[in-house]
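Spelled out, the chains give:
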Amino acid sequence: MSDNVPRTIAAPLLKWYDAHARDLPWRARPGANAPDPYRVWLSEVMLQQTQVASVIPYFEKFTARWPSFEALAAAEDAELMAAWAGLGYYARARNLLACARAVAARGSLPETEAELLGLPGIGGYTAAAIAAIAFGQRAVVVDANVERVVTRLFAVTAPLPGARPRIRTLTDSITPDARAGDFAQAMMDLGSTLCTARAPRCLACPLREQCDGFATGAPEMFPVKAAKPAKPQRYGTMFWIERAGRVLLVRRPAKGLLGGMCALPTGPWADSPPGLADAPISAEWRMLDEQVRHGFTHFNLDVALAAATIPEHTDAPQGEWWPIAEIESAGLPTLFAKAARTFGRMHA
DNA sequence: AAAGCGGGGAA
DNA sequence: TTCCCAGCTTT
């Protein structure tokens, strides 16, 4: 089938969606009114580079605690960062708060893609998704699911990310004027449940007859992606400083890796194990046998663990002394939560 | 245009 | 292990 011929994709896809849509907490219930723009916005930000199953418990927690833009705008930075801990990409949490405050100040969430794009944390995908899903506008919504579905439908052999403009044009060509929001969500549900990355279930797919990728006999070959460079290995040391049953926590700089998050003290990451070179205080350090290994998007990290107990009333670096028994509730990102559990076993 | 930025689930 | 995911911001 030629790429130049518009296909009837939307009608069979929407019919499938009406029967098989996933029941997700930010979607309007069948027969209900339009979805709440606050919930659509919050879910879309949480879903950036994050799978649905990971988002749901955070979405439930956030909407229970902050049910509106106004409520979220009144939150403290530190409590929001702690509530986001574990979800990753922490710049999203900082932008979420800035966006909530901007929306509360102007009265409501804008309804056009162009205005939405001007808000913190809202880029091309999220602006289109909100405009379509929350406000019923026709918008071309392209996420990783849509990229996969479209490159299969049209057997796009050009590799990502270079093929993005072509994919956007193809998506535009199949996006309907009516129910654009449902269409976008239907594409995502299809990509998530049938047109999956590794083993697509083409026999259950409502678009099988129109799919060039299925016709090739190897739809799982799409999308083609450019080769990725190997991740570098980096090293660091984390410092557990105990004083009178409490441990020293610091807040990381607002920008950069894990920016704005509560953390154990560390030195900078290095190309070889730095040992105690960056220790925040002079003390009798004990090195733990166990290390913590953590994978980031762009490098792998091995962290050595150093522990010291200092007498009460001893001077120490700036930070917060957190009760060791309650360390689980400190709102540490996963790297530091893993380390804290390891230090905890040292105690036992 | 390219780089920086987390974490968890699936295969 | 590796791959992947409802991307955005900064340089």
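Note that the coordinates shown come from a computational prediction; the quantities given were computed from them, not determined experimentally.

Definitions and cut-offs
- Residues numbered from 1 in each chain as written.
- Chains lettered and ligands numbered in written order.
- Predicted model: local features only at pLDDT ≥ 70, side-chain atom pairs only at ≥ 80, totals over all residues.
- Heavy atoms only, no water.
- Domains from an automatic or database assignment.
- Contact = heavy atoms within 4.5 Å.
- Buried area = accessible area lost by both parts, 1.4 Å probe.
- Salt bridge = Lys/Arg side-chain N within 4 Å of Asp/Glu carboxyl O.
- Polar contact = N/O pair within 3.5 Å; in protein donor to acceptor, adjacent residues only side chain to side chain.
- Helix = DSSP H or I, 4+ residues; strand = E, 2+ residues; numbered from the N terminus.
- Near = heavy atom within 4 Å.
- Nonpolar A, V, L, I, M, F, W, Y, C, P; charged D, E, K, R; others polar.

1. Here's the deal with the domain arrangement of chain A
Each assigned domain of chain A is listed here: domain 1 (10-221) and domain 2 (233-347). Distance between the C-alpha centres of domain 1 and domain 2: 36 Å. Taken together, the contact pairs 8 residues of domain 1 with 11 residues of domain 2. Three residues, M81, Y90 and R94, lead the burial of domain 1 against domain 2; their summed loss comes to 56% of the area buried on that side. At the boundary of domain 1 with domain 2, the tally comes to 0 salt bridges. On inspection of domain 1 and its partner domain 2, the count reaches 3 residue pairs in polar contact (both at pLDDT 80 or more).

2. Some details on the side chain of D189
The topology assignment puts D189 in helix α11 (residues 180-193). Excluding residues that lie within four positions of it along the chain, D189 makes contacts with W16, Y17, A21, R22, R27 and L194.

3. Details of the protein's contact with DNA strand C
Around DNA strand C, a shell composed of 28 residues is seen, among which L47, G121, D143, N145 and R148 lie nearest. Backbone sugar and phosphate groups make up 68% of those atoms of DNA strand C lying within 4 Å of the protein. Here a base nitrogen of DNA strand C sits 2.9 Å away from a polar atom, N or O, in the side chain of W26. Here a phosphate oxygen of DNA strand C and a backbone polar atom of A144 are 3.1 Å apart. For the surface near DNA strand C, the secondary-structure elements that each account for two or more residues are α8 (124-133) and α9 (144-153). Considering only residue class, the surface near DNA strand C consists of 10 nonpolar, 9 polar and 9 charged.

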